[in-house]
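The chain contents come next:
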Amino acid sequence: VFKDVVGGNGGFYFRVLTTTSSNTATLGTPVRCNDTAGNSVGNNAKNWQMSYNSTTGAILIAYILLSGGGAGLQAKMCTVSGTTITQGTAVQINSNQPDTLASCHISSQNALLCVFKRADNSPPWFYSVIKEPSSGTTVLAGATNEVPNGSWTGAYHTVAFDPVKNIVIAAAMYTND
């Protein structure tokens, strides 16, 4: 994912970069990222999260869309063939405007776990699981749930997945003090 600040087109794009053992690179054609209404996300997105599934070749992407079609937490899936990237349809995961976003790939589920904090801290912490579809490129979005015991305020959170123990590990800074 990159933001076009030089080419004059604005907005965010997906692009494949391939390298060879001789240190040469090939750039694929840029593809503009679209929101749920099919419009360019323009400069209205932040906190991009991506995971690549080496088994299926899918790239799961989540981001916060500040305005436009389906503003809030959005997700989509991309596929790559050679230097061509194809994006699936964007799906709105949650319309509440998240302040921050962290994610981890859950390999046993072919999914991206998103943990996000609402700006108004009421309640602050939520999570949602975004899964690869069995066919097509439109992600499957699980329900958005409040993180248990999440009534405390905090910031700077992160999550990780342990594939050996099949558990998610999360941490956040407690800011009530």
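Reading the values: rules and limits
- Residues numbered from 1 in each chain as written.
- Predicted model: local features only at pLDDT ≥ 70, side-chain atom pairs only at ≥ 80, totals over all residues.
- Heavy atoms only, no water.
- Core = buried A, V, L, I, M, F, W, Y, C linked by side-chain atoms within 4.5 Å.
- Buried < 20%, exposed > 50% of the residue type's maximum accessible area, 1.4 Å probe, protein only.
- Helix = DSSP H or I, 4+ residues; strand = E, 2+ residues; numbered from the N terminus.
- Contact = heavy atoms within 4.5 Å.
- Phe/Tyr/Trp six-rings, centres within 6.5 Å; stacked < 30°, edge-to-face > 60°.
- Salt bridge = Lys/Arg side-chain N within 4 Å of Asp/Glu carboxyl O.
- Lys, Arg positive; Asp, Glu negative; His and termini not counted.
- Polar contact = N/O pair within 3.5 Å; in protein donor to acceptor, adjacent residues only side chain to side chain.
- pLDDT = per-residue confidence, 0-100.
- Disulfide = S-S within 2.5 Å.

## Focus: the nonpolar core
Within soluble globular proteins, side chains that are nonpolar tend to cluster in buried spots. Ala62, Leu73, Ile93, Leu101, Cys114, Ile130 and Val139 are the most contacted members of the largest nonpolar core, which totals 16 residues. The set of elements that each furnish at least two residues to this core consists of β7 (58-65), β8 (72-81), β10 (91-94), β12 (111-118) and β13 (125-131). Per element, the largest residue contribution to this core is four residues, and it comes from β7. Excluding its chain neighbours within four sequence positions, the residues that come into contact with Ile93 are Leu73, Gln74, Ala75, Ser128, Ile130, Ala141 and Thr144. Judged by nonpolar contacts, the second largest core, of 14 residues, contains Phe12, Cys33, Val41 and Leu65.

## Describing the packing of aromatic side chains
Taken as a whole, this structure holds four aromatic pairs when the rule is applied. Seen in terms of ring centroids, Phe12 and Trp48 are 5.1 Å apart; in terms of plane orientation they differ by 45°. Their pairing is tilted. Residue Phe12 is located in strand β2 (residues 12-14), and its partner Trp48 is located in strand β6 (residues 45-52); the two are separated by 36 residues in the primary sequence. Residue classification places Phe12 among the buried positions, given a relative accessible area of 8%. Ring geometry for Phe14 versus Trp48: centroids 6.2 Å apart, planes at 85°, classification edge-to-face. Of this pair, Phe14 sits in strand β2 while Trp48 sits in strand β6, and the two are 34 residues apart along the sequence.

## As for the pattern of salt bridges
Enumeration according to the criterion identifies one salt bridge in this entry. A salt bridge links Lys117 to Asp99; the shortest N-O distance between them is 3.7 Å. In this pair, Lys117 sits in strand β12 while Asp99 sits in strand β11 (residues 98-106), placing the two residues 18 residues apart along the sequence. Classification of Lys117 by relative accessible area gives buried; the value is 6%.

## Describing unusual backbone geometry
Backbone geometry at Asn23 places phi at a positive 65°, although glycine is not the residue there. Position of Asn23 among the secondary structure elements: in the loop between β3 (17-19) and β4 (25-27). Although it is not a glycine, Asn47 sits at a positive phi angle of roughly 55°. Inspection of the secondary structure puts Asn47 in strand β6.

## Points about the side chain of Asp35
You can see Asp35 is positioned in the loop between β5 (31-32) and β6. The buried charged residue Asp35 lacks any salt bridge partner; its closest oppositely charged side chain belongs to Lys76, at an N-O distance of 7.9 Å. A polar contact is formed between the side chain of Asp35 and the backbone nitrogen of Gly69, at a distance of 3.0 Å. Excluding residues within four positions of it along the chain, Asp35 makes contact with Ser40, Val41, Leu65, Gly68, Gly69, Gln74 and Ala90.

## Observations concerning the confidence of the model for the protein
Taken as a whole, the protein shows an average pLDDT of 84; of its residues, 87% reach a score of 70 or greater. Mean pLDDT values over the elements of the protein span from 68, in strand β1 (residues 2-3), up to 93, in β7.

## As for the state of the cysteines
Counted according to the given criterion, the structure contains zero disulfides. Take Cys33: it sits in no disulfide, and the sulfur closest to it among the cysteines is that of Cys78, at 7.5 Å. Exposure remark for Cys33: the relative accessible area of 0% places this residue in the buried category. Here Cys114 is not disulfide-linked; the sulfur of Cys104 is the nearest cysteine sulfur, at 8.8 Å. Residue Cys114 is classed as buried on the basis of its relative accessible area, which comes to 0%.

## Focus: the environment of Gly42
Counting through the fold element by element, Gly42 comes out in the loop between β5 and β6. C-alpha of Gly42 to C-alpha of Gly11: the two residues are 31 residues apart in sequence and 3.7 Å apart in space. Ignoring sequence-local partners within four residues, the contact set of Gly42 consists of Gly11 and Phe12.

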